[in-house]
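Descriptive analysis of the structure
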Amino acid sequence: MSELALLAEKLDAEDALAPVKGRFVLDDVVYLDGNSLGALPAHVPDRVADVVRRQWGELRIRSWEESGWWTAPERIGDRIAPLVGAAPGQIVVGDSTSVNVFKAVVAAVRMAGEGRTEILVDATTFPTDGYIAESAARLTGRTLRAVTPAEVPAALGGRTAAVLLNHVDYRTGRLHDLPALTAAIHASGALAVWDLCHSAGALPVGLDEHGVDLAIGCTYKFLNGGPGAPAYLYVRAEHQPRFDSPLPGWNSHSAPFDMSPSYAPAPGALRGRVGTPDILSMLALEAALEVWDDVSVTAARAKSLALTDFFLRCVRAYTEPGRVESVTPERHEERGSQVALRCADAGEVMKRLISRGVVGDFRYPDVLRFGFTPLYLGFAETERAARILGEELT
Ligand SMILES: *Cc1c(COP(=O)(O)O)cnc(C)c1O
């Protein structure tokens, strides 16, 4: 056994989160794509079967009350809240991330007021956020300017209405400085909207602590909610009375069953709701979140950093110098929960890796992306992935 393989065994033996792996359905594949689709928690299929067979099949319409369907968006929001550093009553679950980006950006611009005519968007953003921000700008009569997160402080001014940023860059895995950027955005009088898709469930976010105004995120990556699981929207408590949704569906009405022809928004985070929630995927997500019951985000973060540190060390040991270039920052303060390696033949290399049971993904044109999910990934697998990668790169 190599020195690194022995070290991996030791790290696995000392890992307090190692038993959490048993809560997931896994096989021999080294699954490094949990930042795209989290693995299945083992108890979810039975829970979904119960929702379908008993709640829907037997209770039918009664389940809106008796099975808690109607209140699921805010109940599950409160379950996500501690994972992103939010007190209860500020998060609702529902719709896709893309739709929630739209709600958040338009609502932020409306709160910022008429005199503020520009929206800033992360130039390196996951594309959907940029497309939606562009449409939100057109609809609200604002201009949109794309700047990198590093350029944000200099771009801010009295005209800035809102800034939409990704907490972790989906391509490079770079973690942006949410506290400092939020403070700079507030100093200019604008609102900060953060997309947490690649940070929630992998590292502490601290939404309340850092004064974030609005946030959105998906639940099928590090939160393991399942394919197409609904996203969430955070509206800071102090902003809720002024949150003016561009999609004021009946589920966000203060008295939805009065069927009133005129709209009156519900108090609180409920304002972020739109229409009838997608109960099947929402309740699968609720069950999936139980894997967090006795796991702290701080512990998950510590292990995530240990895993990515170890992977980078193994890659350096097993790969010819210069064959790949890491585009993921070395400094922990700047690193999310993935490692992205650049090489010209990345697409071909990833295909070979997948055929050998190491599943990461390829991001056009030249990035090999490996997501490290601290809840179900171990050090021995990490060493194996780096060793096979090294073999495929020779
Ligand atoms: C994954 C991801 C999305 C996905 O949006 P959907 O509406 O769920 O397809 C959006 N934004 C970011 C930053 C992402 O990483």
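Residues numbered from 1 in each chain as written. Predicted model: local features only at pLDDT ≥ 70, side-chain atom pairs only at ≥ 80, totals over all residues. Heavy atoms only, no water.

With that out of the way, let us pick up the packing of aromatic side chains. Any pair of aromatic rings gets described here by the distance separating the centres and the angle formed by the planes. Considering all chains together, one arrives at 10 aromatic pairs under this definition. Seen in terms of ring centroids, tryptophan 64 and tryptophan 70 are 6.0 Å apart; in terms of plane orientation they differ by 70°. Their pairing is edge-to-face. Ring centres of phenylalanine 126 and tyrosine 170 lie 5.2 Å apart, and the angle between their planes is 75°; on these two criteria the pair is classed as edge-to-face. Of this pair, phenylalanine 126 sits in the loop between β3 (118–122) and α6 (127–140) while tyrosine 170 sits in the loop between β5 (160–166) and α8 (178–187), placing them 44 residues apart in sequence. In this structure, lysine 221 is placed above the aromatic ring of phenylalanine 126, and the distance from its NZ or CZ to the ring centre is 5.2 Å. (Phe/Tyr/Trp six-rings, centres within 6.5 Å; stacked < 30°, edge-to-face > 60°. Helix = DSSP H or I, 4+ residues; strand = E, 2+ residues; numbered from the N terminus. Lys NZ or Arg CZ within 6 Å of the ring centre and 35° of its normal.)

A separate point is the sheet that holds strand β13 (residues 367–371). If you trace the 4 strands from one edge of the open sheet to the other, you get β9-β10-β13-β12, paired in antiparallel fashion. One side of each edge strand has no neighbouring strand; the edge strands of this open sheet are β9 (325–326) and β12 (361–363). Note: β9 against strand β10 (residues 338–342), 2 bridges, orientation antiparallel. Bridging across to β10, serine 326 finds its partner in leucine 341. Sitting on the sheet, helix α11 (residues 346–355) touches β12 and β13, and the angle it makes with β13 is about 40°. (Pairing = 2+ DSSP bridges. Contact = heavy atoms within 4.5 Å. Axes fitted to C-alpha atoms, helices over the stretch in contact; angles between N-to-C directions.)

A word on the site of the ligand. Taken together, the neighbourhood of the ligand is formed by Ser96, Thr97, Ser98, Phe126, Thr128, Asp129, Asn166, Asp195, Cys197, His198, Tyr220 and Lys221. With respect to the ligand, the side chain of serine 98 contributes an N or O atom lying 2.6 Å from an oxygen atom. Contact distances for the ligand include 3.1 Å between a nitrogen atom and a side-chain N or O atom of aspartate 195. Burial of the ligand by the protein chains amounts to 87% of its free accessible area of 390 Å². Listing elements by their share of the shell around the ligand, those giving two or more residues are α5 (97–112) and α6. Partitioned by chemical class, the residues of the shell around the ligand number 3 nonpolar, 6 polar and 3 charged. (Near = heavy atom within 4 Å. Polar contact = N/O pair within 3.5 Å; in protein donor to acceptor, adjacent residues only side chain to side chain. Areas by Shrake-Rupley, 256 points an atom, 1.4 Å probe, with all protein chains shown as cover. Nonpolar A, V, L, I, M, F, W, Y, C, P; charged D, E, K, R; others polar.)

Moving on: helix α1 (residues 3–14). With 12 residues, α1 extends 17 Å between its outermost C-alpha atoms, agreeing within 8% with the 16 Å of an ideal straight helix rising 1.5 Å per residue. Restricting attention to buried positions, one finds in α1 the residues Leu4, Ala5 and Ala8. Looking down the long axis of α1, one finds its buried residues gathered within 100° of arc, a one-sided arrangement. Residues of α1 that are exposed and point more than 90 degrees away from the buried face comprise Glu3, Ala13 and Glu14. For α1, the elements touching its buried residues are α10 (297–318) and α12 (379–392). (Expected span 1.5 Å × (residues − 1). Buried < 20%, exposed > 50% of the residue type's maximum accessible area, 1.4 Å probe, protein only. Arc of directions from axis to C-beta.)

Attention now goes to unusual backbone geometry. Negative phi values dominate among residues other than glycine, just as trans dominates among peptide bonds. Cis geometry marks the peptide bond from tyrosine 364 to proline 365; its omega dihedral reads 0°. Mapped onto the elements, proline 365 comes out in the loop between β12 and β13. Despite not being glycine, aspartate 95 has its phi angle at roughly 65°, a positive value. With a relative accessible area of 29%, aspartate 95 lands in the partly exposed category. The phi dihedral of asparagine 224 is positive, around 55°, even though this residue is not glycine. Locating asparagine 224 in the fold gives a position in the loop between β7 (214–217) and β8 (232–235).

On to the environment of lysine 103, then. Inspection of the secondary structure assignment puts lysine 103 in helix α5. Residue lysine 103 is classed as buried on the basis of its relative accessible area of 1%. Separated by 80 residues in the primary sequence, lysine 103 and arginine 23 have C-alpha atoms spaced 35 Å apart. Dropping the residues within four chain positions of it, lysine 103 is found in contact with Asp95, Leu233, Phe243, Pro246, Leu247, Gly272 and Val274. Engagement of the side chain of lysine 103 in a polar contact is seen with the side chain of aspartate 95, the distance being 2.7 Å.

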